[in-house]
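# Structural description and commentary
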Amino acid sequence: MYITTTIPYVNARPHIGFALEIVQADVLARRHRLRGESVRFQTGTDDNSLKNVLAAEAEGVPVTELVERNARAFEGLREVLNLSFDAFVRTSTDASHRAGVERLWHACADDLYQRHYEGLYCVGCEQFYTEGPCPDGHAAPLQKVSERNWFFRLSRYQDAVADLIRSGKLRIEPKERRNEVLAFVEAGLDDISISRSAERARGWGIPVPGDPSQVVYVWWDALANYVTALEDYEQWWVREQRKAHLVGKGVIRFHAVYWPAMLLSAGEPLPDEILVHDYLTVDGRKISKSAGGAQDPAELVERYGEDAVRWWLLREVPRVGDVDFTEERLVARFDEELANGVGNLVNRVVTMVHRFCDGQAPALAPEPLPACVEVADLVDSALDGFDFRRATGAIWAIVEEANRFVENVRPWKLEDPSAALATLVHACRTLAVQLEAFLPTAAARVAAQVEGVRLPPPAPLFARLGR
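None of the values given here were measured: they were computed from a predicted structure.

Parameters and conventions
Residues numbered from 1 in each chain as written. Predicted model: local features only at pLDDT ≥ 70, side-chain atom pairs only at ≥ 80, totals over all residues. Heavy atoms only, no water. Buried < 20%, exposed > 50% of the residue type's maximum accessible area, 1.4 Å probe, protein only. Helix = DSSP H or I, 4+ residues; strand = E, 2+ residues; numbered from the N terminus. Pairing = 2+ DSSP bridges. Right-handed = clockwise from strand over helix to strand, strands pointing away. Core = buried A, V, L, I, M, F, W, Y, C linked by side-chain atoms within 4.5 Å. Phe/Tyr/Trp six-rings, centres within 6.5 Å; stacked < 30°, edge-to-face > 60°. Lys NZ or Arg CZ within 6 Å of the ring centre and 35° of its normal. Contact = heavy atoms within 4.5 Å.

### Observations regarding the pairing of strand β2 (residues 40-45)
- Within β2, 6 of the 6 residues are buried, which leaves it mostly tucked inside the rest of the structure.
- Neither face of β2 is open: one carries Arg40, Gln42 and Gly44, the other Phe41, Thr43 and Thr45, and all of them are buried.
- Of the pairings in the sheet, the one linking strand β1 (residues 2-5) to β2 comprises 3 bridges and is parallel in character. Bridged to Ile3 within β2 is Phe41.
- One crossover worth recording links β1 to the parallel β2 by way of helix α1 (residues 16-34), and it is right-handed.

### What to know about the pairing of strand β13 (residues 273-277)
- Taking burial as the measure, the 5 residues of β13 include 5 buried ones, the bulk of the element.
- Burial of β13 is two-sided: the residues Glu273, Leu275 and His277 facing one way and the residues Ile274 and Val276 facing the other way are all buried.
- Looking at chain direction, strand β12 (residues 243-248) and β13 are connected through 5 bridges and run parallel. In the sheet register, Val247 faces β13, and the bridge partner there is Val276.
- Following the backbone out of β12, through helix α11 (residues 252-266) and into the adjacent parallel β13, one traces a crossover that is right-handed.

### Overview of the nonpolar core
- In this structure, Leu81, Leu280, Leu313 and Phe438 are the most contacted members of the largest nonpolar core, which totals 99 residues.
- The leading source of residues in this core is helix α14 (residues 327-357), at 13 residues.
- Counting 58 residues, the second largest nonpolar core, distinct from the first, contains Tyr9, Val161, Val257 and Met262.

### Brief notes about the packing of aromatic side chains
- Summed over the entire model, instances satisfying the criterion amount to 17 aromatic pairs.
- Between Trp105 and Trp220, the ring centres sit 5.6 Å apart and the planes meet at 65°, which makes this aromatic pair edge-to-face. With Trp105 in helix α5 (residues 95-107) and Trp220 in helix α8 (residues 218-223), the pair connects residues that are 115 residues apart, well separated along the chain. The exposure classification of Trp105 matches that of Trp220, with both residues buried.
- On the numbers, 5.9 Å between centres and 25° between planes, the contact of Tyr113 with Phe151 is stacked. In this pair, Tyr113 sits in strand β4 (residues 112-122) while Phe151 sits in strand β6 (residues 143-152), placing the two residues 38 residues apart along the sequence.
- Of the aromatic side chains, those joined through ring pairs into one cluster are Trp105, Trp150, Phe152, Tyr157 and Trp220.
- The aromatic ring of Phe85 is capped on one face by Arg78, whose charged end is 3.9 Å from the ring centroid.
- The lysine or arginine in question, Arg115, covers the ring of Phe151, its NZ or CZ lying 4.0 Å from the ring centre.

### Quick word on the sheet that holds strand β15 (residues 285-286)
- Pairing is mixed in the open sheet, where 3 strands are placed in the order β15-β14-β16. Both edges of this open sheet fall to β15 and β16 (323-324), since each of them pairs with a single strand only.
- Here strand β14 (residues 280-282) pairs with β16 via 2 bridges, running parallel. Residue Thr281 lies in a different strand from β16, and its bridge partner there is Asp324.

### Observations regarding the side chain of Ser197
- Tracing the backbone through its elements, the reader meets Ser197 in strand β9 (residues 195-197).
- By relative accessible area, which is 14% here, Ser197 ends up buried.
- Excluding its chain neighbours within four sequence positions, the residues that come into contact with Ser197 are Glu147, Asn149, Ser213 and Gln214.

Read these as spatial facts, not as claims about activity.
This is the structure we're talking about:
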């Protein structure tokens, strides 16, 4: 599987909204690796945006300094959130990227032309609109722009893109987003501007091949990263049967319409899946770096820990619909399910094994709880449907069922509790295995408590965060 995130602008440090996307991608990558599949997980940063230039001007620093500083913060999420990405792309510094963008431009040459254009431009979205205000909630007024640009004949590919979506050759999940994209395509596609004047871009970006007065539109530049960064293009883009892009709902049309059309024009293979998440909000407003109020995932992890942040993102966020983020909700979810739920269950089981079996894990073949029997298939099915809440729910069901088992069976009252404890140790071991893709650090702690013939003394797994 080849899985990618979008590459965010680096006009500021990362926020919790991007953490959602990259943690989701990390779970998919880890899960497929655990199933023995070959996986490439790629992320990176979009360095060539006008937003980055304007942010540097506002700070009074060179663009390269701001881009380098913030790109390091995004790459640093690997350690902050315990991510397993295989490649991190920098569009301003990766030598292969500019050459790849130029090759894509030349490959689409029959669909490129120049004309004068006037329109309203949102710097926050880096796209033109026919009217304001910005539909994605950026507060800055749209800028009226009049210039001669290069255009791509998107209209030529309207029927082809619609057929890809209808047939399922290009799978878009969830179906609500698929329906939105298909309606957008069927309403009619106009050709799109794919360059900006070098003057307006302040000279920042990749020059249009053969036309130094223009720079390549940042989205054309950014979308190309999915192929320009591949050391083995044949393996990961030509032969790979599952190429999936994780994206936020605000950039669906770029990935599900413009990108396939560009590849059709160039005669290149297409992605297979577009997996779309909705927004995290604060007080009902979309989180954005430029609007303020964005929570830095590094600061959240420093306060609450990696497990708390990852678990909230995976357990609380629905498959469809925006969700409000608060630190209080993060703490409550962690305390209820990880500290009181997983932690107490494992501690309780290990304590009973030491009390009744002298610390020796029962050698009896366990009679697995139904939740343990079903969990692997349920998690795989949920993740295939891009539903992390349902996947984590299947894992949480083990905790609920094991706790009910303890209360109903009461191992401490049995003449020989070995069989009951064998079932409970098996449940805890299953938890460790199933949590590995979601909470790798927590899973390792659970495994350390319940693996082996002789279990270590019981130790707290999670300290409560709330008072």
